[in-house]
Amino acid sequence: SSRVLWTLAVTQLAYLAALNKSYATRYGHSLSKAIEKEFGGHLENALRTMLVTHDEYYAKLLHDAMAGMGTDEDTLTRIVVSRRDQIPGVNACYVKHYGKTLAHRISSEVSGDYKKMLVAICSRT
């Protein structure tokens, strides 16, 4: 397990994507699934996070911030505002994984001038 940790910690994301593909071909399930089976808690979360792009990571955080009852507006603000230059890529990942644009989803979660600002940022291409 320490070899797995070291490999994931020092390997670039592009290589990890190729490694994940080869692993899935050889073993019939993703590296992420293997990590889920072998590790738990914060370590599992950290290792699985190493396997995704920044855009995929932020798309999931935004999805989680708007899932269920209520909206985590602090997370929504922090990601959309601080990562506004990355939002087109995050939005593309969001659409791919969740079937709606960030602007559409945010429109149903918040209101007023806050909504206008977030939707304006998310509507940039």
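Please refer to the structure higher up on the page.
A brief look at the structure comes next. (Residues numbered from 1 in each chain as written. Predicted model: local features only at pLDDT ≥ 70, side-chain atom pairs only at ≥ 80, totals over all residues. Heavy atoms only, no water.)

This next bit is on the packing of aromatic side chains. One pass over the structure, following the stated rule, counts three aromatic pairs. With a centroid separation of 5.3 Å and an interplanar angle of 65°, the aromatic rings of tyrosine 57 and tyrosine 58 are classed as edge-to-face. Ring centres of tyrosine 94 and tyrosine 98 lie 4.8 Å apart, and the angle between their planes is 50°; on these two criteria the pair is classed as tilted. Here tyrosine 94 and its partner tyrosine 98 are both found in helix 7 (residues 87–98), four residues apart, which amounts to about one turn of the helix. Taking the relative accessible area as the measure of exposure, tyrosine 94 reaches 1% and is therefore buried. Judged by its relative accessible area of 30%, tyrosine 98 falls in the partly exposed class. (Phe/Tyr/Trp six-rings, centres within 6.5 Å; stacked < 30°, edge-to-face > 60°. Helix = DSSP H or I, 4+ residues; strand = E, 2+ residues; numbered from the N terminus. Buried < 20%, exposed > 50% of the residue type's maximum accessible area, 1.4 Å probe, protein only.)

Moving on, we come to the nonpolar core. In terms of nonpolar packing, the biggest core is built from 19 residues, with Leu62, Met66, Leu76, Val80, Leu102, Ile106 and Cys122 touching the most fellow members. For this core, the secondary-structure elements that each account for two or more residues are helix 5 (54–66), helix 6 (73–82), helix 7, helix 8 (102–107) and helix 9 (112–123). Excluding anything up to four places from it in sequence, methionine 66 contacts Thr71, Leu76, Tyr94, Leu102, Arg105, Ile106 and Glu109. Within the second largest apolar cluster, seven residues are counted, among which are Leu8, Leu31, Leu47 and Leu51. (Core = buried A, V, L, I, M, F, W, Y, C linked by side-chain atoms within 4.5 Å. Contact = heavy atoms within 4.5 Å.)

Tracing the chain through its elements places threonine 75 in helix 6. A polar atom in the side chain of threonine 75 sits 2.7 Å from the side chain of aspartate 72. A distance of 3.3 Å separates a polar atom in the side chain of threonine 75 from a polar atom in the side chain of arginine 78. Among residues more than four places away in sequence, those in contact with threonine 75 are Leu61 and Ala65. (Polar contact = N/O pair within 3.5 Å; in protein donor to acceptor, adjacent residues only side chain to side chain.)

Let us now look at the packing of helix 3 (residues 31–38) against helix 4 (residues 41–49). At their nearest, the axes of helix 3 and helix 4 sit 9 Å apart, and the two run at 170° to each other. Of the possible angle classes, the one that applies to helix 3 and helix 4 is roughly antiparallel. Counting all contacts with helix 3, which are made through Ser32, Ile35 and Glu36, the residues of helix 4 involved are Glu44, Leu47 and Arg48. Of the residues that constitute the contact of helix 3 with helix 4, the class distribution is two nonpolar, one polar and three charged. (Axes fitted to C-alpha atoms, helices over the stretch in contact; angles between N-to-C directions. Parallel < 35°, antiparallel > 145°, perpendicular 65-115°, else oblique. Nonpolar A, V, L, I, M, F, W, Y, C, P; charged D, E, K, R; others polar.)

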